[in-house]
Amino acid sequence: MLGAVVVGVGTAGCVRIRDMLKPLAGSSAEKMEVRGFVSRRELGPQQGVDQIPLDAALTRDDIQAAFICTENQSHEDYVRKFLQAGKHVCVEYPMAMSHRGALELWDLAQQKGLILHEEHIELLSEDFKALKTEVQGKVLQEGTLHFTGGALKPGFGFPAFSGIARLTWLVELFGELSVTAATMEEDSGSGYTKMTAKLLTGDGRPLTWVEERQAGLPRAKNIQLVFESGTVSRVPAAPRGTVGLFMQDLVLFSNKLLGLVAPEDLQTERVRVLHCLDLADRIQQLCQG
Ligand code: NAD
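Residues numbered from 1 in each chain as written. Predicted model: local features only at pLDDT ≥ 70, side-chain atom pairs only at ≥ 80, totals over all residues. Heavy atoms only, no water.

(A) Local environment of unusual backbone geometry. In the segment running from Tyr93 into Pro94, the intervening peptide bond is cis, with an omega of -10 degrees. Mapped onto the secondary structure, Pro94 falls in the loop between strand E4 (88-92) and helix H4 (99-112). Despite not being glycine, Gln47 has its phi angle at roughly 55 degrees, a positive value. Checked against the element boundaries, Gln47 lands in the loop between strand E2 (32-38) and helix H2 (54-59). (Helix = DSSP H or I, 4+ residues; strand = E, 2+ residues; numbered from the N terminus.)

(B) Seen up close, the pattern of salt bridges. Under the defined criterion, the tally for this structure stands at 17 salt bridges. Its salt-bridge partner being Asp77, residue Arg80 comes within 3.9 Å of it at the nearest N-O pair. Residue Arg80 and its partner Asp77 are located together in helix H3 (residues 75-84), separated by 3 residues, close to a single helical turn. Salt bridges sharing partners connect three or more residues here, namely Glu76, Asp77, Arg80, Arg100 and Glu104. (Salt bridge = Lys/Arg side-chain N within 4 Å of Asp/Glu carboxyl O.)

(C) Spotlight on the sheet that holds strand E11 (residues 230-232). Ordered in space as E7-E8-E9-E6-E10-E11, the 6 strands form an open sheet in which the pairing is mixed. The sheet is open, and its two borders are formed by strand E7 (177-187) and E11, each paired with just one other strand. Here the strands of the sheet are splayed against their neighbours by 10 degrees on average, with no regard to which way each runs. Summarising the sheet, strand E8 (residues 192-201) and strand E9 (residues 206-213) pair through 8 bridges and their orientation is antiparallel. Paired with Leu199 across the strands is Leu207, a residue of E9. Sheet strands touched by helix H5 (residues 126-135): strand E10 (220-227) and E11. Its angle to E10, the strand with the most contacts, is close to 10 degrees. The sheet strands contacting helix H9 (residues 263-288) are E7, E8 and E9, and the helix crosses E7 at an angle near 50 degrees. (Pairing = 2+ DSSP bridges. Axes fitted to C-alpha atoms, helices over the stretch in contact; angles between N-to-C directions. Contact = heavy atoms within 4.5 Å.)

(D) Local environment of helix H8 (residues 245-257). Between its first and last C-alpha atoms H8 spans 19 Å; for 13 residues at 1.5 Å apiece the expected length is 18 Å, and the two agree. Within H8, 10 of the 13 residues are buried, leaving the element largely enclosed by the surrounding structure. Buried within H8 are the following residues: Phe246, Met247, Gln248, Asp249, Leu250, Val251, Phe253, Ser254, Lys256 and Leu257. One or two residues past the end of H8 sits Gly259, with phi positive at roughly 75 degrees. (Expected span 1.5 Å × (residues − 1). Buried < 20%, exposed > 50% of the residue type's maximum accessible area, 1.4 Å probe, protein only.)

(E) Main features of the packing of aromatic side chains. The tally for this structure, following the rule as stated, stands at 3 aromatic pairs. Their ring planes at 35 degrees and their centres at 5.0 Å tell us that Phe128 and Trp169 sit as a pair that is tilted. Taken together, the positions of Phe128 in helix H5 and Trp169 in helix H7 (residues 164-174) put the pair 41 residues apart, joining distant regions of the chain. Note on Trp169: relative accessible area 3%, which makes it buried. Taking 6.4 Å as the distance between ring centres and 40 degrees as the angle between the ring planes, the aromatic pair formed by Phe174 and Phe227 counts as tilted. In this pair, Phe174 is assigned in helix H7 and Phe227 in strand E10, connecting sequence segments 53 residues apart. (Phe/Tyr/Trp six-rings, centres within 6.5 Å; stacked < 30°, edge-to-face > 60°.)

(F) Seen up close, the site of the ligand. Around the ligand, the structure places 19 residues, and the nearest of them are Thr11, Ala12, Asn72, His75 and Lys153. In the environment of the ligand, an oxygen atom lies 3.2 Å from a nitrogen or oxygen atom belonging to the side chain of Arg41. In isolation the ligand exposes 790 Å². Once the protein is present, 70% of that is buried. Across the shell around the ligand, the residue classes break down as 7 nonpolar, 6 polar and 6 charged. (Near = heavy atom within 4 Å. Polar contact = N/O pair within 3.5 Å; in protein donor to acceptor, adjacent residues only side chain to side chain. Areas by Shrake-Rupley, 256 points an atom, 1.4 Å probe, with all protein chains shown as cover. Nonpolar A, V, L, I, M, F, W, Y, C, P; charged D, E, K, R; others polar.)

(G) Structural detail: the domain arrangement of the protein chain. The domains assigned to the protein chain are domain 1 (2-119 + 243-260) and domain 2 (123-242 + 284-288). Between the C-alpha centres of domain 1 and domain 2 there is a distance of 27 Å. At the junction of the two partners, domain 1 supplies 13 residues and domain 2 supplies 15 residues. The largest contributions to the domain 1 side of the interface with domain 2 come from Tyr93, Met97 and Val243, which together make up 38% of the buried area. Remark: the boundary between domain 1 and domain 2 carries 0 salt bridges. Where domain 1 touches domain 2, the interface holds 3 residue pairs in polar contact (both at pLDDT 80 or more). Residues belonging to the side of domain 1 that touches domain 2 are distributed by class as follows: 6 nonpolar, 5 polar and 2 charged. (Domains from an automatic or database assignment. Buried area = accessible area lost by both parts, 1.4 Å probe.)

(H) Quick look at the sheet that holds E2. Strand order across the open sheet formed by 5 strands is E2-E1-E3-E4-E5, with parallel pairing between neighbours. Of all the strands in the sheet, just E2 and strand E5 (116-119) have a single pairing partner and so form its edges. Geometrically, the sheet is characterised by an average inter-axis angle of 20 degrees between neighbouring strands, direction not taken into account. Sheet topology note: the strand E3 (residues 65-68)/E4 ladder contains 4 bridges and is parallel. What sits directly across from Phe67, in E4, is Cys90.

Given below as structure tokens:
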């Protein structure tokens with residue numbers, strides 16, 4: 001068995017604990033056992049799992065892996081600490097708030113011979129899979145992905161990073177991108193933020209990515225993808241899969257720990273993660289420049 005610790009018990013951390021307590025039958029997630037959680041708050045046992053000090057999580061021999069589920073701005077420090085301590089890491093996206101930070105983490109993982117996995121449940125959803133199938137083989141002319149959602153709690157960082165799941169969709173659908181312009185509108189009084197990034201595909205087709213947030217705004221992804229053969233103007237509504245998204249991610253991470261994922265696939269993921277964080281960095285620079 002592989003012992004694991006969950007760091008940060010908000011929504012995501014609680015789901016991680018739940019999934020490890022009842023892993024998907026017959027999957028490699030059954031090899032993962034939650035042996036404690038770490039929190040900056042003093043909490044009683046959560047779902048029957050004990051709180052343990054950070055130092056114990058870093059040094060105990062029966063803990064081989066950590067799930068970093070805290071707010072985004074603290075991910076990089078926690079990931080670094082656990083990698084330095086010789087533990088495999090699964091981190092909720094984004095792993096760091098800069099491309100440079102992420103590169104350092106990957107290098108550290110490589111030096112130590114450890115798995116570093118960034119969760120991307122947005123790629124596992126049935127909706128996304130249906131959209132990918134719909135888009136496959138079509139020639140893009142231009143497109144927009146406009147996300148709206150409620151206000152984020154403090155600590156989730158610049159929208160290009162907190163919204164990296166949307167950018168990851170675009171990269172998975174259309175390949176590596178470049179950034180041509182980016183702007184940020186903010187109204188601190190009302191808590192309104194709107195980031196607009198202008199992107200280009202490898203063959204020069206324009207894509208616009210908008211992240212708009214304000215308390216009360218409905219969570220939605222509006223798309224307008226214009227192809228030579230017609231326009232796709234909504235994400236196909238596909239029925240939910242039988243296995244939850246975080247559970248699918250847990251199986252993927254467990255497969256990586258058990259050496260069941262091909263090195264080429266690990267490399268493809270690493271390249272995509274770093275590319276998206278590089279784009280996020282550039283967008284932030286353009287917005288703040
Ligand atoms: P969250 O706000 O529920 O928790 C974030 C952090 O805040 C955790 O460290 C948690 O321990 C702490 N926290 C929560 N409630 C607190 C309280 N009352 N007092 C003090 N601290 C408290 O956020 P989340 O949704 O769990 O997100 C954590 C990470 O997971 C983020 O990186 C996010 O991007 C990622 N993620 C979340 C989801 C999701 O569906 N929730 C999906 C994909 C990725």
